Amino acid sequence: MKNRILIVGGVAGGASCATRARRLDETAEIIIFEKGPHVSFANCGLPYFVGDVIQQESNLTVATPQTFRERFDIEVRLLSEVVAIDRERAEILVKELTSGRTYRERYDSLVLSPGAAPVRPPLAGIDLPGVFTLRSIPDSKQIREWIERKNAKTAVVAGGGFIGLEMVENLVQRGLQVTVLEMQNQVLPPMDPEMAEPLQRRLRERGVNLALGDGVLAFEPSGQDGIVVRTSKGARHKAGIVILGIGVRPETGLARGAGLEIGPRGGIRVDSQMRTSDSKIWAVGDAVEVTDYVTGQAALVPLAGPATRQGRVAADVICGRVSVFRGVQGTAICSVFGLAAAITGASEKSLRRAGISDYEAVYLHPGQHAAFFPGASAIYLKLIFRRNDGRILGAQACGEDGVDKRIDVIATAIQKQGTVFDLEEAELCYAPQFGAAKDPINMAGMIAGNVMRGDVQNATWTSLSSNGVTVVDVRDREEFEMGHVPGATNIPLAEVRGRLSELPTERELRLYCGVGQRAYYASRLLKQRGYRVQNLSGGYRTFLSCRDSGMIESD
Ligand code: FAD
């Protein structure tokens, strides 16, 4: 008898599982059940369809049922919701959404890839017309139609995460005036606050109203088709349309109904082969709980890359291969108004949450390519590593160009359990328009390596105001006069050797410059002369981001 592989959900995880299974087993019977009207569509393109950057709806569909049938001999049943699993009989109950008819199908292996649903908290007025979430092609069409039909001029986007910010850009692109309501004090909550700051600056420069530290309380109708969004801080924002991007929740209804184990974070529990607590049932994608590759803790990480890789692992195992999913490190990127922000591995926030304190962070602001080549722009880069052995724990970057490449290199190093010394040694391609002979990756490794070897000691910007500390700005006088850290003394690098008598030997010196390089030179010379020196990593540029994101109190 043919091996019957039934798959619930036909997008990232489900579709990749189905096609991989076919490549491994030509004789299996493979059926995908998808409750929506599309299979294998590009969720990631939806915000850009709303913004008219992607103009044809057909460009959002990666494959059709016909493609699946003709290329892979895989049957796709659209508008077919799997409503129950009978584990005893190894059958699923399917409801045809067009006719209401239900029927049973037997499986040898069942794969659940039902994804995650946008969170819609039970707030007053949440079901008012004009309040949308975005998950499917029909959602994106409704948003487009609403904007056009109602001639919406203003929008509130609740939630400043990746999807929320992509929607902001696309709504602005369509000419709407946008307010972002974000409960946390920063956008892009997975990132550390100072690393999200450049993005916040860019959003404000482009006229976006950022209401941080404030959440939605209720929605009220206002005039014809307008909505007033009331917030927890008592503000009232009028909007022609509201987009909710306040997170997603794993779709676990089917799994719970079947008595499958659910993990502590609320996702379906699976082992490293993506098998659930039932040996005939696998689960992949946004619905499952994964192990954080860096902290080792259970996590929910709704991203397309892990979903497709998990689908592949499940297919491998179902077809008799040995395959293991390594865990998720949350590598993600988002671009807003030409500025990209990306993260991989742990942030300082996530390390603290996990109770891990044996780490250090360095900041740098190198050009994405050689400064002498036209078009050079800075990347704000933060590298986090373990203090005792230099193992890389995470990185974040923000910039106009070259951000993806640097975070991807570090992401790969993290997967290989690399150290900052590996980044020092990384051999990367270089010509002036692509990078630098000493690439930002090498520089990050060298700066962290200096810390590991004890050549430099770093102080954090948040401990700036400690007593018994003298802060020295080693930039040139003109730079100092244009703005400096409150209370800092200015001794330009070129004058340090001649003005040693002005520097106290009994107090700790904290040095900074523009981005970190001159302070490093100064700290080396002072350290060798017996001074107690610490560097404020990333220089004045990092100070501004820390100050503006509320991490340091300004005078
Ligand atoms: P999904 O892709 O959500 O697919 C699940 C499917 O299962 C759905 O189509 C659903 O209708 C169906 N289903 C659910 N229950 C049943 C049932 N009982 N019976 C039958 N069918 C069912 N990730 C990135 O990495 N980068 C991005 O840029 C990015 N952008 C995104 C933008 C948007 C607007 C959205 C919504 C998501 C984005 N994501 C992005 C996340 C990414 O799309 C998901 O992580 C990925 O699609 C998860 O795959 P999945 O198979 O688990 O679930």
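Our structure is the block above this text.
Since we're looking at a predicted model, the values are computed, not measured.

Engineer: How should I be thinking about a nonpolar patch on the surface in this particular structure?
Structural biologist: Among the surface-exposed residues, Phe372, Phe373 and Tyr430 lie close enough to one another that they form a single nonpolar patch of about 330 Å² accessible area. Mapped onto the elements of the fold, Phe372 is located in the loop between strand E23 (359-364) and strand E24 (379-386).

Engineer: Can you walk me through the site of the ligand in this structure?
Structural biologist: Looking at the ligand, there are 27 residues lining it, with Gly13, Glu34, Ser113, Asp286 and Ala304 nearest. Interatomic distance of 2.8 Å between a backbone N/O atom of Gly13 and an oxygen atom of the ligand. Its free accessible area being 1,000 Å², the ligand has 88% of it covered by the protein chains. For the shell around the ligand, the per-class residue count stands at 15 nonpolar, 7 polar and 5 charged. The two domains that each donate at least three residues to the shell around the ligand are domain 1 (4-114 + 249-318) and domain 2 (131-246).

Engineer: Looking at this structure, I do not really get the sheet that holds strand E10 (residues 154-158). What am I missing?
Structural biologist: Paired through their backbone hydrogen bonds, the strands of a sheet run either parallel or antiparallel. Taken in spatial order, the 5 strands line up as E9-E16-E10-E11-E12 in an open sheet, and their pairing is parallel. In the strand order of this sheet, the two ends are held by strand E9 (131-133) and strand E12 (209-212), each with one partner. Ignoring which end each strand starts from, the neighbouring axes of this sheet average 20 degrees apart. Here E9 pairs with strand E16 (residues 241-244) via 3 bridges, running parallel. Each residue of the ladder has a partner; that of Phe132, found in E16, is Ile243.

Engineer: Help me understand the pattern of salt bridges, please; the structure alone is not making it clear to me.
Structural biologist: Side chains bearing opposite charge may pair, as long as their charged atoms lie close to each other. All told, the structure shown has 38 salt bridges when counted by the stated rule. For Arg104, the salt bridge goes to Glu91, with nearest N and O atoms at 2.6 Å. With a gap of 13 residues between them, Arg104 in strand E6 (residues 102-106) and Glu91 in strand E5 (residues 91-96) connect regions that are remote in the sequence. For Glu91, a relative accessible area of 14% translates into the label buried.

Engineer: For this particular structure, what's the right way to read helix H1 (residues 12-24)?
Structural biologist: Structurally, the α-helix is built with 3.6 residues per turn, so residues lying three or four positions apart point the same way. The end-to-end C-alpha distance of H1, which contains 13 residues, comes to 19 Å, matching closely the 18 Å that a straight helix rising 1.5 Å per residue would cover. Buried residues dominate H1, accounting for 10 of its 13 residues. Restricting attention to buried positions, one finds in H1 the residues Gly13, Gly14, Ala15, Ser16, Cys17, Ala18, Thr19, Arg20, Ala21 and Arg22. The elements touched by buried residues of H1 are strand E1 (4-8), strand E2 (29-33), helix H3 (65-72), strand E7 (109-112) and helix H8 (304-318).

Engineer: Whenever I open this one, unusual backbone geometry confuses me. Can you help?
Structural biologist: Trans peptide bonds make up most of the peptide bonds, and negative phi angles are found at most residues other than glycine. Phi is positive for Ser40, which is not a glycine, with a value near 45 degrees. For Ser40, the position within the fold is in the loop between E2 and helix H2 (46-50). Unlike most non-glycine residues, Asp52 shows phi in positive territory, near 70 degrees. Residue placement: Asp52 occurs in the loop between H2 and H3.

Engineer: I would appreciate a short explanation of the nonpolar core in the present structure.
Structural biologist: Within soluble globular proteins, side chains that are nonpolar generally end up buried alongside one another. Counting residues in each nonpolar core, the largest one holds 50 residues, and the members touching the most others are Ile85, Ile92, Leu110, Leu112 and Met274. Sort the elements by how many residues they give to this core and H8 lands first, with 5 residues. The residues touching Ile85, leaving out its near neighbours within four places in the chain, are Glu91, Ile92, Tyr107, Leu110, Leu112, Leu254, Ala258 and Ile281. Core analysis: the next-biggest nonpolar cluster, separate from the first, contains 45 residues, Phe41, Val168, Val172 and Val208 among them.

Parameters and conventions
- Note on numbering: residues in each chain are counted from 1, in written sequence order.
- Restriction of local features to residues with pLDDT of at least 70 applies here, the model being predicted, together with a cutoff of 80 or more for giving and counting side-chain atom pairs; totals for whole chains, interfaces and linings are based on all residues.
- To get the side-chain values, take all heavy atoms of the structure and skip hydrogens and water.
- Only residues whose relative accessible area exceeds 30% and that form no salt bridge are eligible for patches; like-charged ones are grouped when within 9 Å, while nonpolar side chains (Val, Leu, Ile, Met, Phe, Trp, Tyr) are grouped when within 5 Å.
- Residue exposure ignores everything except the shown protein chains as possible cover, and the areas themselves are Shrake-Rupley values with a 1.4 Å probe.
- Here a salt bridge means any side-chain nitrogen of Lys or Arg lying within 4 Å of a carboxyl oxygen belonging to Asp or Glu.
- The secondary structure listing takes helices from DSSP runs of H or I that are at least 4 residues long and strands from runs of E that are at least 2 residues long, numbered from the N terminus.
- In these notes, residues near a molecule or strand are those with any non-hydrogen atom within 4 Å of it.
- We call two N or O atoms a polar contact when they sit within 3.5 Å, provided that within protein one can donate a hydrogen and the other can accept it, with sequence-adjacent residues counted only if both atoms are side-chain atoms.
- Polar here means any residue other than Ala, Val, Leu, Ile, Met, Phe, Trp, Tyr, Cys and Pro, which are nonpolar, and Asp, Glu, Lys and Arg, which are charged; Gly is therefore polar.
- As used throughout, domain bounds are those supplied by an automatic or database domain assignment.
- In this analysis, strands are considered paired if DSSP registers two or more bridges between them.
- To obtain an axis, a line is fitted to C-alpha atoms, over the contacting stretch when the element is a helix, and the angle between two such axes runs from 0 to 180 degrees between their N-to-C directions.
- When accessible area is computed with a 1.4 Å probe and restricted to protein chains, residues below 20% of their type maximum are described as buried, those above 50% as exposed, and intermediate ones as partly exposed.
- Expected helix span is computed as 1.5 Å times (number of residues minus one).
- Only heavy atoms enter the contact rule, under which two residues are in contact if any of them lie within 4.5 Å.
- Here, nonpolar core refers to any group of buried Ala, Val, Leu, Ile, Met, Phe, Trp, Tyr and Cys residues whose side-chain atoms link them within 4.5 Å.

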